[in-house]
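Survey of secondary and tertiary structure
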Amino acid sequence: IFTFSWDVKMDWGLGDVNYGFLRKRLLFRHRGFYYWVMFSNLILRFSWTLTLTPFAIFTNKQLYQTMVVPLIAFLELFRRFQWALLRVEWEHMKHSAAGFPSAPVFFDNERERHERAKNLGDEPSLLLESLLMVIGLLAVGTLAALF
């Protein structure tokens, strides 16, 4: 629970009760995304405990080794991916608010969104692109584990 609280408050800058446990400035459009990441981070922090499950409850040990263990590893990778996404966002916001030069981070804001819509038309959201990347990594990892 301590590490979850540290993630939310210190690593992501969230948890302000005045803003619905979020923060005043958010770079992602959908507030639900932040709630999802907080909830899934809390749940997925305990997914490793499934590795403590004794083999005896599984009738097929090979199924456990080829399905459950890789699934747990994927869940941890997914949790860390979400953590990194919000960590980069928070660092970018802290540095840009303090006036430090920072590397360009391509989060949507109103002006950029309007320009892109005018020039390029509709394009997939960052969330959709991230999800497709995770699915691709999962597929490659699964194929590598099977062969």
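None of the values given here were measured: they were computed from a predicted structure.

Side note on unusual backbone geometry
Located in the positive-phi region is phenylalanine 21, a residue other than glycine, with phi close to 65 degrees. Secondary-structure assignment places phenylalanine 21 in the loop between α1 (2-11) and α2 (31-44).

Some thoughts on the nonpolar core
Of all hydrophobic cores here, the largest spans 12 residues; its members are Phe4, Val8, Trp12, Leu14, Leu22, Phe28, Phe33, Tyr34, Val37, Met38, Leu85 and Leu86. Listed by contribution, the elements that provide at least two residues to this core are α1, α2 and α3 (61-98). Considering every element that reaches this core, the biggest residue donor is α2, with four residues. Beyond its immediate sequence surroundings of up to four residues, tryptophan 12 is in contact with Asp7, Arg23, Val37, Met38, Asn41, Trp83, Leu86, Arg87 and Trp90.

Notes on the confidence of the model for the protein chain
Chain-level statistics for the protein chain give a pLDDT mean of 77 and a share of 73% at 70 or above. Model confidence for the protein chain, summarised as mean pLDDT per element, is weakest for helix α4 (residues 110-120) at 60 and strongest for α2 at 89.

Some remarks on α1
What α1 keeps buried is the set Phe4, Asp7, Val8 and Asp11. Across the axial projection of α1, the buried residues extend over an arc of 125 degrees, all falling on one side. Following α1 by one or two positions, glycine 13 has its phi on the positive side, about 70 degrees.

Structural notes on a nonpolar patch on the surface
Taken together, the side chains of Leu128, Leu131, Leu132 and Ile135 make up a nonpolar region of the molecular surface, amounting to roughly 360 Å² of accessible area. Relative to the helices and strands, leucine 128 is located in helix α5 (residues 126-146). Note on leucine 128: relative accessible area 38%, which makes it partly exposed.

Quick look at the environment of lysine 24
Mapped onto the secondary structure, lysine 24 falls in the loop between α1 and α2. Take lysine 24: its relative accessible area is 68%, and that puts it in the exposed class. Between the C-alpha atoms of lysine 24 and leucine 14, which are 10 residues apart in sequence, the distance is 9.0 Å.

Quick word on the packing of α1 against α2
A pair of packed helices is captured by two measures, namely the crossing angle of their axes and the spacing between those axes. Where α1 meets α2, the axes come as close as 10 Å, and the angle between the chain directions of the two elements is 160 degrees. In terms of orientation, α1 and α2 fall into the roughly antiparallel class. Considering how the two elements wind past one another, α1 and α2 form a crossing that is right-handed. Residue-level inspection shows Phe4, Asp7 and Val8 of α1 in contact with α2, the latter providing Met38, Asn41 and Leu42. Looking at the contact of α1 with α2 residue by residue, the class counts come to four nonpolar, one polar and one charged.

Parameters and conventions
- Residues numbered from 1 in each chain as written.
- Predicted model: local features only at pLDDT ≥ 70, side-chain atom pairs only at ≥ 80, totals over all residues.
- Heavy atoms only, no water.
- Helix = DSSP H or I, 4+ residues; strand = E, 2+ residues; numbered from the N terminus.
- Core = buried A, V, L, I, M, F, W, Y, C linked by side-chain atoms within 4.5 Å.
- Buried < 20%, exposed > 50% of the residue type's maximum accessible area, 1.4 Å probe, protein only.
- Contact = heavy atoms within 4.5 Å.
- pLDDT = per-residue confidence, 0-100.
- Arc of directions from axis to C-beta.
- Patch = residues over 30% accessible without salt bridge, like charges linked within 9 Å, V, L, I, M, F, W, Y side chains within 5 Å.
- Areas by Shrake-Rupley, 256 points an atom, 1.4 Å probe, with all protein chains shown as cover.
- Salt bridge = Lys/Arg side-chain N within 4 Å of Asp/Glu carboxyl O.
- Axes fitted to C-alpha atoms, helices over the stretch in contact; angles between N-to-C directions.
- Parallel < 35°, antiparallel > 145°, perpendicular 65-115°, else oblique.
- Left-handed = near helix turned anticlockwise from the far one by under 90°.
- Nonpolar A, V, L, I, M, F, W, Y, C, P; charged D, E, K, R; others polar.

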